[in-house]
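Residue-level listing of the chains:
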Number of protein chains: 2
Amino acid sequence: MSGSQAMINAFDPSKAERLDDRDRETVEKRDRLLGPSYRLFYDQPFHPVSAQGVWLHDAEGRRFLDAYNNVPSVGHCHTRVIEAVTKQMSILNTHTRYLSDGVLDFAERLLDLFPSALDRVMFTCTGSEANDLAIRVAKSATGGSGIIITRLAYHGVTETIAGLSPSLGSGVPPGRDVFAVDAPLDPRQGGDVAAAFALGVEGALAEMRRQGVRPAALLVDTIFSSDGIFSDPPGFLAPAVQLFREAGGLFIADEVQAGFGRTGDRFWGFQRHELTPDIVTMGKPMGNGYPVAAMVSRRDLLDDFGKKSRYFNTFGGSNVAMAAATAVLDIIRDEGLVENARTTGDHLRNGLIALSQSHPIIGSVRGAGLFIGVELLRGGAFDRPASQETAAVVNGLRERNILISASGPNANVLKIRPPLPFGIAEADLLLSTLDSVLQTIPVA
Amino acid sequence: MSGSQAMINAFDPSKAERLDDRDRETVEKRDRLLGPSYRLFYDQPFHPVSAQGVWLHDAEGRRFLDAYNNVPSVGHCHTRVIEAVTKQMSILNTHTRYLSDGVLDFAERLLDLFPSALDRVMFTCTGSEANDLAIRVAKSATGGSGIIITRLAYHGVTETIAGLSPSLGSGVPPGRDVFAVDAPLDPRQGGDVAAAFALGVEGALAEMRRQGVRPAALLVDTIFSSDGIFSDPPGFLAPAVQLFREAGGLFIADEVQAGFGRTGDRFWGFQRHELTPDIVTMGKPMGNGYPVAAMVSRRDLLDDFGKKSRYFNTFGGSNVAMAAATAVLDIIRDEGLVENARTTGDHLRNGLIALSQSHPIIGSVRGAGLFIGVELLRGGAFDRPASQETAAVVNGLRERNILISASGPNANVLKIRPPLPFGIAEADLLLSTLDSVLQTIPVA
C-alpha cells in the first residue's frame, strides 16, 4: 500500500489468493457489494463471530485478545448495556422534539463530569457529527473560519471533517482555511514539548493573519492518536491553547479516543493538560457500540448558533441512546474502570519499558492509562523509523491471536488501546507474546 | 417565532408559564442543560413515556395516535426488532475493518431491492452522513462542485448538508456553489409539473455555466417533504434529471423519508419517477430507531472516490446495525407493510378529499401511500395560504391526542406520515377527529 490511499495496517487485496477459501470468498463478496473505499485490517483479515469482555472469537473457536478496540469500552457484549438497551427499546424510543426525562437525566450526569464552565450538551450519533457540529459552532461563535489541526490528524468523515483529517491521505480535498501544525514531540527527543507545539500554533496564526483569515478553532486530540500517540508531559497543550485564545479562537478538545476514563488518571484527556476547553467532542466508547456521541460547550458560545439555527439529530439523544450511555457511565463507576485503566496501563507501560532492555527496537513508550503508543526505531534514532518491523509486529501478534494496530506518520508506533476491563493477566499475555514476536524481528 | 430561527410547529418557550408544573420544569431543565438550538413540537409540548405500534402514551395514561413519526417505521417497540438487536448485541458488535457476514448478507438483500445498475452500498449512521457522503462522492466522480436543491430543502445537519438545507433558515450559511430551484407545483395549480421543474433546473444550470461552476449533483427528495409534500404526477422528475445528467451532473435521490415502502406502490420513492438515480441515500426508518443509514450507488461512480480515500464509519455497518436493518426488511415483507401503506394511504387520501367537500379550507390533498400532505388555503387560492389555521389544526389534533405536523414555505400543509402499520381504523379516527377540529376553525 502506498500513495494517497495508504492506510496503516491495511489488508492488501492483491494478496487475497493467500487466504483460505472462506475468507477469500468473503473478501470477494465485500468487493462485489460494498463501495471500494472500505479497507480491512491485517495481512490476514480477521473474521470474528462472537466476543465477550476483552476477547473475540473466530469461527474455528480460537480466541483473540482485544488490545485495540475502544468502542466496546466496558467490554464486548456487556450484559448491563444489553439489558439497558433492551429494556428501553421495549418501552419508548423517540426524539428530542418531545419532552423526555432520560435525555435530561443523562445530560445532567454527563455535565457533572465536566468543569462547571462547560454547562451545555448537544447529542449526535457519531464523533464525526460531533466534530462537524463543533466546527459549525466555533465558526458561528467567533465569526472566523481558520482551523488549526495537526499534520496527521483524524477527526472524522463528513466533508468538513475529512477536510480536517489529513491522515485520510492526499486524495481527500483539504478544507478551506485549514492550517496543519506539527504534532507534539516525543519528550525523549529533547526540547520543550509545550514550547515547540505552541511555536507551531504561533506560526499557523501568523499565516492566518497574513491571509486575512480569522481564527475559529484549534481542534486536537487530547492524546494525539493518528499522529503517533503523544501524551506527555501533562500540561503541554496549555501554552498553545492560550496563544490561540488570545487570537480570538476557540479550543476544541476531541475526546473521541481519550475520553471516558481511558487515560486512567481523570475522566477526560484534557484534564491532563490542566485546562478547560471551549468545546469538547466525544463519541466511540460512549454507548459501548450503541451509536451515540455528543458535544459539550458553554451557553455563551452556543447562543449565537442557537439563535441562527435549530439543530435536530434524529437519533441523537434518543431514549435508547441515553439508556446505553447511562449504563456505560454506571459500569465505569461500578467496575472501577478508570482505576483499572491506570493500574493495568501503568503495569503495561512498565512492562514495555522493561522489554525495551532486551529489544532496543523499542525506542519510546508513550501514552496514559490504556492508550499506549510504542515507537519502534532503528538504532534508537527518531529519524530512522522501523516501519516494516512495526507491520511485522502487528501481524505477528495477530498470528498469535492478539489484536493491536499502528499509528504515526511513519506507521512505526504500535497502538495499544484495549477495552477498559483489560487486566494484569491480559497485559502480561500481551507483553510475553510481544517479547516472542520481537525475537522474530531481524535487528536492522 | 419568526425570522431566521422559525421552525414550523415549534413550541414557543416564552409561553412556558402556560404549562403544568411538571412540563414547565422539564422545559426549564432542557434550557439549563441542552444547547439552545433544540426545539420542541407543539404549543403544548408532548411528553411521552411509552409507545407500542402506532400509539404513544403519556404519564397520565392517555394514548396518542402517532400519525407523524417515520422512524418507528414498522411500529414503536416492535418485538422482532428488539429481539434481533438484543440477540446480536449478546453475540458480537464490531466494525467493517474485520470480516463480517452480517454486513454482506444485508448488503446483498438491500441491493436486491434496487435496479441492477445500483450495485454497491456504503453504510453510515444517519441520513445526514449518507447525504454528506453522497455529495463527496458526486464531487469526486464529476470533478464538479455545483449542487442543485429545492428552495426549502432539508437534507441534514452536517456543515456541508446544512448548507444544502435552506429550510433551516437564513441564519445557516448556504453552501458554496449551491443553487436553489422552486419546488414542484401542485398539479391543481395547472401547468405541466415536469416541465416547470425542469425549467427551474435549466435555469440553475445556466447560472452555473455563467459562474463557471461545473455541475456535481441534483439532490432532491423523491417525494418533496419540507417543500410541502409534492409527489405527483408520477414521473415528473425525469425531464429535470435528464437535463442535469446531460450537463454532466449526477442525480442523488434522498430516500430518507420516502424510502422503505412508505409510498405504498414501490419500495423507493424514485421508482414513482421511472428513473434510476446515480446515488440513493436512506436513513430514518431503516433500523426502526436503531441508528443506521446508507448510500447506494454504482461501482463506476465510487471508483474514483475509493482510489482517493478510504471511508470508515465506526458504527456504520456494525453487526447490530445490520441485525436491526435486516429485521426491518423482514417485518416489512412479512406484515405486508408496503401493501398496507397503499391501502391505508388510499383510504386516508380519499377520506381527506371527501372532507374537503364540507371543509373548503382543504385546498389540495397530495402524497402517496402513508406520506400525505394536505394544503390548507383560504378561498381555495394557492396564493392565500391558511398558515395560522394549519397551526391551529396541528395543535387541535394534538389536544385531541393525535400527532401530526406541518410543512411547506407557508407552513400551511398538514404533514401526515405515520408508522407503516397504521390501519383503516386509525385512518378513520384521524379523519373524524380532523373533521371535528376543522369545525372549530373560523372560515377566513
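The shown structure was predicted, so the numbers you read here are calculated from the model rather than taken from an experiment.

Helix and strand content of chain A: 12 helices and 15 strands. Projected onto its principal axes, the C-alpha coordinates of chain A cover approximately 60 × 55 × 45 Å. Relative to its full complement of 444 residues, chain A shows a buried share of 64%. Summarising the internal contacts of chain A: among those between residues at least 6 apart in sequence, 73% fall at separations of at least 24. Total accessible area on chain A stands at roughly 14,700 Å², and carbon and sulfur atoms take up 49% of it. In chain A, 43 positive and 51 negative side-chain charges are present, and the distance between their average locations comes to 4 Å.

Residue and element names in this part refer to chain B. Looking at the element boundaries, Asp20 is found in the segment before helix 1 (21-33). Looking at Asp20, the relative accessible area reads 42%, which means it is partly exposed. Spatially, the C-alpha atom of Asp20 lies 9.7 Å from that of Gln44, the residues being 24 residues apart in sequence. One polar contact links the side chain of Asp20 to the main-chain amide nitrogen of Asp23, over a distance of 2.9 Å.

What follows concerns the sheet that holds strand 15 (residues 413-416) of chain A. Residues and elements named next belong to chain A. The 4 strands lie next to each other as 11-12-15-14, forming an open sheet whose pairing is antiparallel. Whereas interior strands pair on both sides, the edge strands pair on one side only; in this sheet they are strand 11 (362-368) and strand 14 (405-407). Direction aside, the axes of adjacent strands within the sheet are offset by 30° on average. Note that strand 14 and strand 15 share 3 bridges and pair antiparallel. Its bridge partner being in strand 15, Ala406 is matched across the sheet by Leu414.

Take the sheet that holds strand 11 (residues 362-368) of chain B next. Residues and elements named next belong to chain B. Taken in spatial order, the 4 strands make up an open sheet running 11-12-15-14, and their pairing is antiparallel. Strands at the two margins of the open sheet, each flanked by one partner only, are strand 11 and strand 14 (405-407). In this sheet, neighbouring strand axes are inclined to one another by 30° on average, regardless of whether the strands run parallel or antiparallel. Of the strand pairs in this sheet, strand 12 (residues 371-376) and strand 15 (residues 413-416) are connected by 4 bridges, and their pairing is antiparallel. Considered in strand 15, the bridge of Val374 is made with Leu414. Sitting on the sheet, helix 10 (residues 337-358) touches strand 11, strand 12 and strand 15, and the angle it makes with strand 11 is about 170°.

All names here are of chain A. As far as domains go, chain A holds domain 1 (46-74 + 337-439) and domain 2 (79-334). Distance from the C-alpha centre of domain 1 to the C-alpha centre of domain 2: 25 Å. Facing 31 residues of domain 1, the contacting portion of domain 2 comprises 33 residues. Summing both sides of the interface, domain 1 and domain 2 together bury roughly 2,500 Å²; the carbon and sulfur share of this comes to 59%. Counting the contacts that link domain 1 with domain 2 gives 1 salt bridge. A salt bridge links Asp186 to Arg366; its shortest N-O distance comes to 2.5 Å. At the boundary of domain 1 and domain 2, one finds 19 residue pairs in polar contact (both at pLDDT 80 or more). Sorting the residues of the side of domain 1 that touches domain 2 by element identifies helix 10 (337-358), strand 11, strand 12 (371-376) and strand 15 as the ones contributing at least two each. Per-element tally for the side of domain 1 that touches domain 2: the top contributor is strand 11, with 5 residues. Here the residues of the side of domain 1 that touches domain 2 sort into 16 nonpolar, 10 polar and 5 charged.

This part is about the interface of chain B and chain A. Facing 101 residues of chain B, the contacting portion of chain A comprises 100 residues. Roughly 9,300 Å² is buried in total at the junction of chain B and chain A, and carbon and sulfur atoms are behind 57% of that figure. Taken together, chain B and chain A are joined by 12 salt bridges. In this structure, Asp101 of chain B engages Arg22 of chain A in a salt bridge whose closest nitrogen and oxygen atoms are separated by 3.6 Å. Where chain B meets chain A, there are 53 residue pairs in polar contact (both at pLDDT 80 or more). Mapped onto the side of chain B that touches chain A, the elements with two or more residues apiece are helix 1, strand 1 (48-52), helix 2 (79-91), helix 3 (101-111), strand 4 (120-124), helix 4 (127-142), helix 5 (159-162) and helix 8 (299-308) of chain B. It is helix 1 of chain B that provides the largest number of residues to the side of chain B that touches chain A, a total of 9 residues. Classifying every residue of the side of chain B that touches chain A by side-chain character gives 48 nonpolar, 28 polar and 25 charged.

With that settled, consider the packing of helix 2 of chain B against helix 9 (residues 319-334) of chain B. Residues and elements named next belong to chain B. It is the contact of helix 2 with helix 9, at a shortest axis distance of 8 Å, that shows an interaxial angle of 155°. Taken as axis vectors, helix 2 and helix 9 run roughly antiparallel relative to one another. In this structure, helix 2 crosses over helix 9, and the sense of that crossing is right-handed. Between helix 2 and helix 9, the contacting residues are Arg80, Val81, Ala84, Val85, Gln88 and Met89 on the first element and Asn319, Val320, Ala323, Ala324, Ala327, Val328, Asp330, Ile331 and Asp334 on the second.

Calculation criteria
Per-chain numbering applies: the sequence of each chain, read as written, is numbered from 1 onward. Think of it this way: whatever chain is written first is A, whatever ligand is written first is 1, and the rest follow in order. Since the coordinates come from a predicted model, pLDDT governs what is reported: local features require at least 70, and pairs of side-chain atoms require 80 or more to be given and counted, while whole-chain, interface and lining totals use all residues. Only hydrogens and water are removed before side-chain values are computed, so all heavy atoms of the structure are retained for them. Secondary structure elements are defined from DSSP: runs of H or I of at least 4 residues count as helices, runs of E of at least 2 residues count as strands, and each element is numbered from the N terminus. Type-normalised accessible area, obtained with a 1.4 Å probe on protein chains alone, sets the label of each residue: buried when under 20%, exposed when over 50%, and partly exposed for intermediate values. Any two residues having at least one pair of non-hydrogen atoms within 4.5 Å are treated as being in contact. Residue exposure ignores everything except the shown protein chains as possible cover, and the areas themselves are Shrake-Rupley values with a 1.4 Å probe. Working convention for charge: Lys and Arg count positive, Asp and Glu count negative, and His plus the chain ends are omitted. Where a charge sits is defined by one atom per residue type, namely NZ (Lys), CZ (Arg), CG (Asp) or CD (Glu). Whenever two N or O atoms come within 3.5 Å, that pair is a polar contact, provided that in protein one can donate a hydrogen and the other can accept it, and provided that, for residues adjacent in sequence, both atoms are side-chain atoms. Should DSSP find at least two bridges between two strands, the strands are taken to pair. Between N-to-C directions, angles span 0 to 180 degrees; the directions come from axes that are lines fitted to C-alpha atoms, helices contributing only their stretch in contact. As used throughout, domain bounds are those supplied by an automatic or database domain assignment. Note: buried area is the sum, over both parts, of the accessible area (probe 1.4 Å) each one loses when the two are combined. Salt-bridge detection follows one rule: a side-chain nitrogen of Lys or Arg within 4 Å of a carboxyl oxygen of Asp or Glu. All residues other than Ala, Val, Leu, Ile, Met, Phe, Trp, Tyr, Cys, Pro, Asp, Glu, Lys and Arg, Gly among them, are scored as polar; the first ten of these are nonpolar and the last four charged. Convention used here: angles under 35 degrees read as roughly parallel, angles over 145 as roughly antiparallel, angles from 65 to 115 as roughly perpendicular, and any remaining angle as oblique. Each crossing gets its handedness from the near helix: less than a right angle anticlockwise from the far helix is left-handed, clockwise is right-handed.

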